[in-house]
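Here are the chains, one letter per residue:
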Amino acid sequence: MTSTAAAVQAGSFLTLHYRLAGPMGDVVNTFAGQPATLTLGTGELSPALEQYLLGLAEGQRASFELSAGLAFGQRSPDMLQWLSRKELADLGDPAEQYAVGDVLHFPTPDGKGQFAGSVQGLRDDGSGPAVLFDFNHPLAGQPVTFEVLVIGIL
């Protein structure tokens with residue numbers, strides 16, 4: 001009797017290692033640490049990345065090259081937003097210090113998740129102190145290497 005490895009399908013609960021890299025190198029890499037667990041179709045990975053997982057077998061390792069913008073869309077200037085220090089104080093520590101390059105996590109409007117923004121600039125002019133955040137995904141508008149090792153499928 002032969003057994004066949006389970007294959008990833010829509011709605012699968014997965015344990016996997018994965019790496020997302022752009023032209024400047026890795027943005028996410030779980031291979032050196034704890035594997036990730038996620039359920040396909042719940043928004044934990046972009047739909048474009050999930051499509052590459054479909055059909056992979058338990059134990060399979062694969063690497064995919066995605067063209068610029070395919071994995072996380074194009075960069076949007078609308079995703080650059082100034083937040084006043086008062087708005088930031090209402091969300092967290094009023095004494096927080098910010099520096100260009102910092103990445104902060106903000107609660108989603110429903111309070112059930114988080115999204116990240118990276119600090120792009122600081123100002124303290126007549127309109128009051130504020131911080132410029134980029135809420136684009138760090139790999140938006142870039143080619144992406146997506147490497148994966150499927151450890152388990154439920």
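These numbers come from a predicted model, not from an experiment. (Residues numbered from 1 in each chain as written. Predicted model: local features only at pLDDT ≥ 70, side-chain atom pairs only at ≥ 80, totals over all residues. Heavy atoms only, no water.)

So, on to the overall build of the chain. A count of helical and extended segments in the chain gives 2 helices and 9 strands. The N-to-C order of helical and strand elements in the chain reads β-β-β-α-β-β-α-β-β-β-β. Here the C-alpha atoms of the chain give a radius of gyration of 19 Å, more than 25% beyond the 15 Å that 2.2 N^0.38 yields for 154 residues. A principal-axis box enclosing the C-alpha atoms of the chain has dimensions of 75 × 30 × 25 Å. A total of 154 residues make up the chain; the buried ones form 34% of that total. Sequence-distant contacts, at least 24 apart, represent 62% of the contacts inside the chain between residues at least 6 apart. Surface summary for the chain: the accessible area is close to 9100 Å², and the carbon and sulfur share equals 55%. (Helix = DSSP H or I, 4+ residues; strand = E, 2+ residues; numbered from the N terminus. Rg over C-alpha atoms; globule rule 2.2 N^0.38 Å. Buried < 20%, exposed > 50% of the residue type's maximum accessible area, 1.4 Å probe, protein only. Contact = heavy atoms within 4.5 Å. Areas by Shrake-Rupley, 256 points an atom, 1.4 Å probe, with all protein chains shown as cover.)

Turning our attention to the sheet that holds strand β5 (residues 80–84). The strand order β5-β8-β7-β6 describes an open sheet built from 4 strands, whose pairing is antiparallel. Two strands in the sheet have a free side with no partner beyond their single neighbour: β5 and β6 (103–107). Between one strand axis and the next, the sheet turns by 45° as a mean value, whatever way the strands run. Relative to strand β8 (residues 128–134), β5 runs antiparallel, the two sharing 5 bridges. Bridging from a neighbouring strand, Ser 84 pairs with Ala 130 of β8. (Pairing = 2+ DSSP bridges. Axes fitted to C-alpha atoms, helices over the stretch in contact; angles between N-to-C directions.)

To continue, consider the environment of Ala 7. Following the sequence through the fold, Ala 7 ends up in the segment before β1 (13–22). Expressed as a C-alpha distance, the spacing of Ala 7 and Glu 58, which sit 51 residues apart in the sequence, is 6.2 Å. Dropping the residues within four chain positions of it, Ala 7 is found in contact with Ser 12, Gly 55, Leu 56, Ala 57 and Ile 153.

Examined against the element boundaries, Ser 118 turns out to sit in strand β7 (residues 114–125). Polar contacts involving the side chain of Ser 118 include one to the side chain of Gln 120, which spans 2.9 Å. Contacts of Ser 118, omitting those with residues within four sequence positions, involve Asp 102, Val 103, Leu 132, Phe 133 and Asp 134. (Polar contact = N/O pair within 3.5 Å; in protein donor to acceptor, adjacent residues only side chain to side chain.)

Take the nonpolar core next. Ranked by internal contacts, the top residues of the largest apolar core, which has 22 residues, are Val 8, Leu 14, Tyr 18, Leu 53, Leu 56, Phe 146 and Val 148. Contributions of two or more residues to this core are made by β1, β3 (36–39), α1 (47–53), β4 (61–66) and β9 (144–153). Ranked by the residues each element gives to this core, the list is headed by β9, at 5 residues. Setting aside chain neighbours within four positions, we find Phe 146 in contact with Tyr 18, Arg 19, Leu 20, Leu 45, Leu 49, Tyr 52, Leu 53, Ala 62, Ser 63, Phe 64 and Leu 66. Within the second largest apolar cluster, 9 residues are counted, among which are Tyr 98, Leu 104, Phe 106 and Val 131. (Core = buried A, V, L, I, M, F, W, Y, C linked by side-chain atoms within 4.5 Å.)

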